[in-house]
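Single-letter residue listing:
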Amino acid sequence: MDVKVNATNVVWHFSQIGREEREALLNQRGGTLWLTGLPSSGKSTTAYTLEYELNRRGFFAYVLDGDNVRHGLNKDLGFSASERQENIRRVAEVAKLFADAGIIIITSFISPYRKERDFARRIHHDSDLNFVEIFMDTPIEICERRDPKCLYAKARRGELKGFTGVDDPYEPPLSPEMVARTDEHPPESIVAQIIEFLESVGYLPVGSQQSSPVYRPAAASGLKAI
Ligand SMILES: Nc1ncnc2c1ncn2[C@@H]1O[C@H](COP(=O)(O)OP(=O)(O)OP(=O)(O)O)[C@@H](O)[C@H]1O
Ligand SMILES: [Mg+2]
């Protein structure tokens, strides 16, 4: 991604705590679950249901949500192509830091451009961190019918410019790790599918639903978590 680098004379300062030590402390492996999809495709609903379920099972998971991040860190950014790029670049970098800290990060951003999502994937892989792209593949007619924020309606009336799916592009993932159909399954089923997938690839311990919901001593299992 093209970022003008103005930070000169900076030298990386290494921590005395390794990632393995943080993982042992938390008894899980950090990583990022990247939810992408059209407005109203169900990203936030899925993300927070998943966060709740993972925490209930004793995992430290945390959501970075599009609208929430634009309340603070990214409140200076609008919705032009370059600002959307910068929005995702910052979120990708923040997610990577959280993942390195050992947390399971769930991002829920439209993230309409492939290039930015690929950037997020690349910086995670370059740091040997898990990255799972989950495409919320909800047909636009369904998204538009839902429209809880009435933004599709506003965009159709021409009162909102550059709205993804109406007059701004959405580039669907070409090879996401997972595809979720929120028009066919309720949030709880989608979350169960995601957890099943994470277990199948070894990012979460199999049968994690049997884990104690609050605390599992690090030494107990040698679990390989996300
Ligand atoms: N699995 C599902 N089944 C049925 N309805 C759902 C499902 N997931 C989400 N919804 C509904 O779809 C609407 C939009 O969901 P949500 O706000 O999570 O979308 P979003 O992708 O985060 O949208 P935005 O990009 O605008 O933030 C809500 O009314 C929500 O209740
Ligand atoms: Mg949302």
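Residues numbered from 1 in each chain as written. Chains lettered and ligands numbered in written order. Predicted model: local features only at pLDDT ≥ 70, side-chain atom pairs only at ≥ 80, totals over all residues. Heavy atoms only, no water.

**Focus on the site of ligand 1**
What counts, and what does not: Summary of the distance rule: residues count as near a molecule or strand when at least one heavy atom falls within 4 Å of that molecule or strand. Polar contact is defined as a pair of N or O atoms within 3.5 Å, subject to the rule that within protein one atom must be able to donate a hydrogen and the other to accept it, and that residues adjacent in sequence are counted only when both atoms are side-chain atoms. Note on areas: Shrake-Rupley, 1.4 Å probe, and residue coverage restricted to the protein chains presented here. In this classification, Asp, Glu, Lys and Arg are treated as charged, Ala, Val, Leu, Ile, Met, Phe, Trp, Tyr, Cys and Pro as nonpolar, and every other residue, Gly included, as polar.
Near ligand 1 there are 17 residues, and of these Lys43, Ser44, Thr45, Lys149 and His185 occur at the shortest range. Backbone polar atom of serine 40 to an oxygen atom of ligand 1: 2.9 Å apart, as the coordinates give it. Between ligand 1 and histidine 185 there is a distance of 2.9 Å, counted from a nitrogen atom to a backbone nitrogen or oxygen. When ligand 1 is considered free in solution it has 630 Å² of accessible area, and contact with the protein chains removes 75% of it. Looking at the shell around ligand 1, its residues break down into seven nonpolar, seven polar and three charged.

**A closer look at the sheet that holds strand β5 (residues 178-180)**
Across a sheet, strands are paired by hydrogen bonds formed along the backbone, either parallel or antiparallel in direction. Operational definition: A pair of strands counts as paired when DSSP detects no fewer than two bridges linking them. To qualify as a helix, a DSSP run of H or I must reach at least 4 residues; to qualify as a strand, a run of E must reach at least 2; elements of each kind are numbered from the N terminus. To define axes, lines are fitted to C-alpha atoms, for helices over the stretch in contact only, and angles between the resulting N-to-C directions are given on a 0 to 180 degree scale. Working rule for contacts: check all heavy atoms of both residues, and any pair within 4.5 Å makes them a contact.
Spatially, the five strands line up as an open sheet ordered β2-β3-β1-β4-β5, and their pairing is parallel. Either end of the sheet is taken by a strand with one partner, and the two such strands are β2 (61-65) and β5. Shown here is a sheet whose adjacent strand axes are inclined to one another by a mean of 20°, direction ignored. Helix-sheet contacts for helix α2 (residues 43-56) involve β1 (31-37), β2, β3 (104-108) and β4 (130-136), and the interaxial angle to β2 is about 165°.

**What about helix α8 (residues 187-200)?**
Here is the rule: Expected helix span is computed as 1.5 Å times (number of residues minus one). Buried means the residue's accessible area, taken with a 1.4 Å probe over protein chains only, is under 20% of the maximum for its type, while exposed means over 50%, and partly exposed covers the values in between.
Look at α8: 20 Å from first C-alpha to last across 14 residues, which is about the 20 Å you get at 1.5 Å a residue. What α8 keeps buried is the set Ile190, Val191, Ile194, Ile195, Phe197, Leu198 and Glu199. In this structure, the buried side of α8 is in contact with β1, α2, β4 and β5. Immediately downstream of α8, the backbone of glycine 202 shows phi near 80°, a positive value.

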